[in-house]
Amino acid sequence: MTTISLGRAPQGAQARYDAVAMTLHWLIAAGILLNIALGLTMSDFGHGSPIGLAFLALHKSVGLTVLAVSALRVLWRLINPFLPPPPGLSAPLRLAARTTHVLFYVLIIATPLAGWLLSSGAPAPLSWFGLFDWPKFWFYDGMAPPDRHHLAENFARVHVTLAWVMIGLIALHVLAALYHQFIRRDRLLARMIPWL
Ligand code: HEM
């Protein structure tokens, strides 16, 4: 059976995402997994310790990169439609898949954006891998330190909550992929894995 390469008017079970969609998907996935690992371990070293600070700096740079790549991913998605669900998938499962995917698009933007908003309140510059200073949000300028701190703390709460929703959603996403691969055996995974 022939394989349809991507996207604009995909048809049937063998339609695949194109190279751009696959590259963006796996870049974002790798960045998010790395950032979850860094985010959950950086406080173990103590906030002021050299390792804690290095992890936090890396976490911010990777997160800002994820935000930029996610913006491209959303643009790509707006130009290229979703692939159709595999044939025979029940309506509730189709709805669950669609909802999960839309939520992912929201979270890959909102989570790093909340991190950027919170880190804009810190006095130190926001460096991107030590190469240049990433711009900060302007509205902290001229704020009294307690107000600044309070606002940044609220963004931190949002950031951490979104990160945990993302962790739950990733677990669901991986379980769904395994269900398709080993229970339904509908080769859905091959749409997003270049060598399958
Ligand atoms: C890929 C996107 C990102 C993910 C998945 C992510 C995930 C996380 C996680 C899991 C935590 C720890 C949550 C906890 O303590 O329970 C965290 C904390 C943190 N993140 Fe991110 N993050 C992302 C992007 C960013 C960005 C872009 C920035 C800043 C530029 C940032 C700044 C921070 C800071 C400062 C904390 C500590 C918050 C606190 O005070 O508790 N993050 N992040």
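As a reminder, the structure under discussion sits directly above these lines.
Definitions and limits used
Residues numbered from 1 in each chain as written. Predicted model: local features only at pLDDT ≥ 70, side-chain atom pairs only at ≥ 80, totals over all residues. Core = buried A, V, L, I, M, F, W, Y, C linked by C-beta atoms within 7 Å. Buried ≥ 20, exposed ≤ 12 C-beta atoms within 10 Å, placed from the backbone. Helix = DSSP H or I, 4+ residues; strand = E, 2+ residues; numbered from the N terminus. Axes fitted to C-alpha atoms, helices over the stretch in contact; angles between N-to-C directions. Parallel < 35°, antiparallel > 145°, perpendicular 65-115°, else oblique. Left-handed = near helix turned anticlockwise from the far one by under 90°. Contact = placed C-beta atoms within 7 Å. Nonpolar A, V, L, I, M, F, W, Y, C, P; charged D, E, K, R; others polar.

Draft legend 1. Looking closely at the nonpolar core. One finds Val 66, Leu 67, Leu 113, Ala 114, Trp 116 and Leu 117 to be the most contacted residues of the largest nonpolar core, which totals 13 residues. Elements that contribute at least two residues to this core include exactly α2 (50-79), α3 (91-119) and α4 (145-184). Sort the elements by how many residues they give to this core and α3 lands first, with 6 residues.

Draft legend 2. Inspection of the packing of helix α1 (residues 19-41) against α2 at higher detail. With their axes 9 Å apart at the nearest point, α1 and α2 run at an angle of 155° to one another. Here α2 runs roughly antiparallel to α1, going by the angle between their axes. Taken as a pair, α1 and α2 cross one another with a handedness that is left-handed. Contacts from Val 20, Ala 21, Leu 24, Leu 27, Ile 28, Gly 31, Ile 32, Leu 34, Asn 35, Leu 38, Gly 39 and Thr 41 of α1 reach α2 at Phe 55, Leu 58, His 59, Val 62, Gly 63, Thr 65, Val 66, Val 69, Ser 70, Leu 72, Arg 73 and Trp 76. Grouping the constituent residues of the contact of α1 with α2 by class yields 15 nonpolar, 8 polar and 1 charged.

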